[in-house]
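The primary structure of each chain is shown beneath.
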Amino acid sequence: MKKLNEILSHLKKNPEFRKINTSTSIKKFIEVLPLKLKKGVKFAYIRTQTLYFVLTHPVYKMEFEYNKADIKSLLKMGNFDNVTEIAFFVSNKIEKKEKIKKEEPLFKERAKGSFYNQAKDGKIYEKFENIREIIRGS
């Protein structure tokens, strides 16, 4: 019986999964970039022999333009034979930050936390005492 790694590597070699291979190689390429450049990359993709970097801020675009020669030399070292140009742009889509909703209990606690703790084990005794404190605090 084959292992899962063998099956996945066999599937990756099929031409139908070429996009998966390119996306993983792009992710690896982004990881190779220097930290000051890597932080500004939202994502990247290849279209018509051009590697496009979507950046998070216009300052990063200036940094990428400044380091364009270095990035091209890294591309030559990688397995990007079909890429001849690189381009950078800042996405105009504003990312919405999700507000963390604090869940409030749907009911009011009716217990008072007055019970006799009969646990013999020290760890279990402490757990019951923690539960008692939680009940009293709410």
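Residues numbered from 1 in each chain as written. Predicted model: local features only at pLDDT ≥ 70, side-chain atom pairs only at ≥ 80, totals over all residues. Heavy atoms only, no water.

## Digging into the overall build of the protein
Worth spelling out the cut-off: Only runs of H or I of at least four residues qualify as helices and only runs of E of at least two qualify as strands under DSSP, and these elements are numbered from the N terminus. Both definitions apply: the radius of gyration is a C-alpha atom measure, and the globule rule equals 2.2 Å times residues to the power 0.38. Throughout, a residue-residue contact means that at least one pair of heavy atoms, one from each residue, lies within 4.5 Å. In these tables, accessible area is a Shrake-Rupley quantity obtained with a 1.4 Å probe, and a residue counts as shielded only by the protein chains included in the view. Asp and Glu count as negative and Lys and Arg as positive, but His and the ends of the chain are not part of the count. To locate a charge, take atom NZ for lysine, CZ for arginine, CG for aspartate or CD for glutamate.
When you go through the protein residue by residue, the secondary structure sums to 6 helices and 3 strands. Counted from the first residue to the last, the protein has its helices and strands arranged as α-α-α-β-β-α-α-β-α. Taking 14 Å as the expected radius of gyration for a compact globule of 138 residues, we find that the protein reaches 27 Å, considerably beyond that expectation. Across the protein, the fraction of contacts at a sequence separation of at least 24, relative to all contacts at a separation of at least 6, is 48%. Surface summary for the protein: the accessible area is close to 12,300 Å², and the carbon and sulfur share equals 56%. Averaged over its 31 positive side-chain charges, the protein has a centre that lies 3 Å from the centre of its 17 negative ones.

## Considering the side chain of asparagine 117
Counted only if it meets this: For the purposes of these results, a polar contact is taken to be a pair of N or O atoms within 3.5 Å, where, inside protein, one atom must be able to donate a hydrogen and its partner to accept one; residues adjacent in sequence count only when each atom of the pair is a side-chain atom.
Tracing the sequence through the fold places asparagine 117 in the loop between β3 (85-90) and α6 (122-137). A polar side-chain atom of asparagine 117 sits 3.3 Å from the main-chain amide nitrogen of alanine 119. A distance of 3.1 Å separates a polar atom in the side chain of asparagine 117 from the backbone oxygen of tyrosine 125. Ignoring any residue separated from it by four or fewer positions in sequence, one finds asparagine 117 in contact with Tyr125, Phe128, Glu129 and Arg132.

## Brief notes about unusual backbone geometry
Note the following rule: Three exposure classes are used, based on accessible area relative to the maximum for each residue type with a 1.4 Å probe and protein chains only: buried under 20%, partly exposed in between, and exposed over 50%.
Not every positive phi belongs to a glycine, and threonine 48 is a case in point at roughly 50°. Overall, the relative accessible area of 66% leaves threonine 48 in the exposed class. One non-glycine residue, glutamine 49, lies in positive phi territory at about 60°. You can see glutamine 49 is positioned in the loop between β1 (41-47) and β2 (50-55).

## What to know about the sheet that holds β2
Rules: Each pair of strands is called paired provided DSSP finds at least two bridges between the two strands. The axes used here are C-alpha line fits, helices contributing only the stretch in contact, and every angle between their N-to-C directions lies in the interval 0 to 180 degrees.
Overall, mixed pairing links the 3 strands, which are arranged β1-β2-β3 in an open sheet. Across the chains shown, the open sheet's two edge strands, defined by having one partner strand only, are β1 and β3. Strand after strand, the sheet turns through a mean of 20° between neighbouring axes, direction not considered. Packing of helix α2 (residues 18-32) onto the sheet brings it into contact with β1 and β2, and relative to β1 it is tilted by some 135°. Each of β2 and β3 touches helix α5 (residues 68-77); the most contacted strand, β3, lies at about 130° to it.

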